[in-house]
Amino acid sequence: MAGRNSRSDKKTEARTEKYSREQDIRNTKKMREILDELPRFCRQYFRGIEESTSARTRLAYAYDLRVFFEFIENENTAMKGTAIKDYPISILEQIGKEDIEEFLEYLTYYEKGDQIFTNDARGKARKLSAVRSMFKYFYTSEILARDVTALVPLPKLHEKPIVRLDAEEVNDMLDKADTGAQLTKNQLRFHDKTRLRDIALLTLLLGTGIRVSECVGLDLEDIDFKEKGIRVHRKGGYESIVYFGDEVENALKDYLEQRMQIIPKEGHEKALFLSLQNRRITVRAVENLVKKYAGLATSLKKITPHKLRSTYGTSLYRATGDIYLVADVLGHKDVNTTRKHYAAIEEDRRKSARNIVRLRDTENKD
């Protein structure tokens, strides 16, 4: 029995690793396309950080560095007529503190072709972090004599209130997914085919707090109804078992009866959630699905799959008051990340304590 369980675990790990590798390969291919547009010395930088970063992180850095070098192209007269990919590494020595500050100002609003781009403090901080990483790499490699980006602080980020659904909105959203009420005629054409899938997917996100990337990566054999758990491939590359309750179990079982009647496209046979094209559902498709049903439940909140994760985390924290449990279930490596997100709720809990302790018994006074 133990041998069979061990073999099953190894197969599950292999499938999870396969999906993760496929995602890494896609991101690596995209990054190579971007690298063709960046200075050639950037290849050395990305090779240097390969062991300490994920393919997804490197791709995000590549996009942000492309914006930085396009800024240099537009603003640095000395480089006029030189293709970005031909920039020498010596150009980094010419960049000063004021140039980095001007780059941050440029990010507020800029145009590229017929498109307009804007960035708030969070977007600026992310792009500056990518530029900082590159300068730091070449500085610590003793290729640059100084790291000018260290002189420019990251834009101050203002804490945003947690956007989440309340209990009534959660109930309303699931009802809309179940009945199709208020859907457009075009949406109703597909509702019968996707109803059980949509309910199962939404219930799973709301009932476990897993990330959307973890959700779309699930395979059929990642579900264990005996233990009421799912195996997920967490951000950072490790695996974890996330447990679910009766509502999630019922929704998954209802969907699986239908799922087993579907013949998936080749290469997608193991995927838990399938698209209408019988392929593994994508992150973008789940984002659109959540937007569709959440929009019917609330018109004032912009709800994304991550907000469903916040909804679950908030409910769990309010029910248990255990920030360490919430961090563990959500897959946060650092409890301070969790504490930051749920600080407002912690304040509510502290306020609720003010009248719990009685100093004098006033009820029995004459």
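Is there a simple way to explain a negative patch on the surface in this structure?
A contiguous patch of negative charge, built from Glu75, Glu98, Glu102 and Glu105, is present on the exposed surface. Mapped onto the fold, Glu98 is located in helix H5 (residues 97-108). Since its relative accessible area comes to 54%, Glu98 is described here as exposed.

Would you explain the side chain of Lys124 in this entry?
Mapped onto the secondary structure, Lys124 falls in helix H6 (residues 121-140). For the buried Lys124, no salt bridge exists, and the shortest N-O distance to an oppositely charged side chain is 7.0 Å, to Glu105. Leave out the neighbours within four places in its chain, and Lys124 touches Leu104, Leu107, Thr108, Asn119 and Pro155.

Teacher, can you tell me more about the packing of helix H7 (residues 167-179) against helix H8 (residues 185-208) here?
Helices that pack against each other are described as a pair by the angle of their axes relative to one another and the distance between those axes. For the pair H7 and H8, the least separation of the axes is 8 Å and the interaxial angle reads 155°. Relative to H8, the element H7 lies roughly antiparallel. Judged by residue contacts, Val170, Met173, Leu174, Lys176, Ala177, Asp178 and Thr179 of H7 engage His191, Arg195, Ile199, Leu202, Thr203 and Leu206 from H8. The class makeup of the residues in the contact of H7 with H8 is seven nonpolar, three polar and three charged.

Any chance you could explain the sheet that holds strand S3 (residues 223-224) here in plain terms?
Strands belonging to one sheet form pairs held by backbone hydrogen bonds; the direction of such a pair is parallel or antiparallel. In spatial order, the strands read S3-S4-S5; together these three strands make up an open sheet with antiparallel pairing. Every other strand in the sheet has two partners, leaving S3 and strand S5 (239-243) as the edge strands with one partner each. With two bridges connecting them, S3 and strand S4 (residues 229-233) associate as antiparallel partners. Within S4, the position partnered with Asp224 by the bridge is Gly229.

Is there a simple way to explain the pattern of salt bridges in this structure?
Two side chains carrying opposite charge are able to pair once their charged atoms lie near each other. Under the criterion given, the structure shown has 19 salt bridges. Its salt-bridge partner being Arg195, residue Asp178 comes within 2.6 Å of it at the nearest N-O pair. Separated by 17 residues along the polypeptide, Asp178 in helix H7 and Arg195 in helix H8 bring together distant segments of the chain. We classify Asp178 as partly exposed; its relative accessible area is 35%. Here Arg195 falls in the partly exposed class, since its relative accessible area comes to 28%. The partner of Lys228 in a salt bridge is Asp246, with the nearest N and O atoms 2.3 Å apart. Of this pair, Lys228 sits in the loop between S3 and S4 while Asp246 sits in helix H10 (residues 246-259), placing them 18 residues apart in sequence.

I'm lost on the confidence of the model for the protein chain in this one. Help?
It should be kept in mind that the predicted coordinates are not to be read in detail where pLDDT is low. Averaged over every residue, the pLDDT of the protein chain is 87; the share at 70 or more is 88%. Of all the helices and strands in the protein chain, helix H15 (residues 343-352) carries the lowest mean pLDDT, 64, while H10 carries the highest, 96.

Honestly, the packing of helix H3 (residues 55-75) against H6 in this entry has me stumped. Any pointers?
Running from amino to carboxyl end, H3 crosses H6 at an angle of 90°, the nearest separation of the two axes being 9 Å. By the angle between their axes, H3 is roughly perpendicular relative to H6. Contacts between H3 and H6 involve Tyr61, Asp64, Leu65, Val67, Phe68 and Phe69 on the former and, on the latter, Arg126, Lys127, Ala130, Val131, Ser133, Met134 and Phe135. Classifying every residue of the contact of H3 with H6 gives nine nonpolar, one polar and three charged.

Scoring rules and cut-offs
- Residues numbered from 1 in each chain as written.
- Predicted model: local features only at pLDDT ≥ 70, side-chain atom pairs only at ≥ 80, totals over all residues.
- Heavy atoms only, no water.
- Patch = residues over 30% accessible without salt bridge, like charges linked within 9 Å, V, L, I, M, F, W, Y side chains within 5 Å.
- Areas by Shrake-Rupley, 256 points an atom, 1.4 Å probe, with all protein chains shown as cover.
- Salt bridge = Lys/Arg side-chain N within 4 Å of Asp/Glu carboxyl O.
- Lys, Arg positive; Asp, Glu negative; His and termini not counted.
- Charge placed at Lys NZ, Arg CZ, Asp CG, Glu CD.
- Helix = DSSP H or I, 4+ residues; strand = E, 2+ residues; numbered from the N terminus.
- Buried < 20%, exposed > 50% of the residue type's maximum accessible area, 1.4 Å probe, protein only.
- Contact = heavy atoms within 4.5 Å.
- Axes fitted to C-alpha atoms, helices over the stretch in contact; angles between N-to-C directions.
- Parallel < 35°, antiparallel > 145°, perpendicular 65-115°, else oblique.
- Nonpolar A, V, L, I, M, F, W, Y, C, P; charged D, E, K, R; others polar.
- Pairing = 2+ DSSP bridges.
- pLDDT = per-residue confidence, 0-100.

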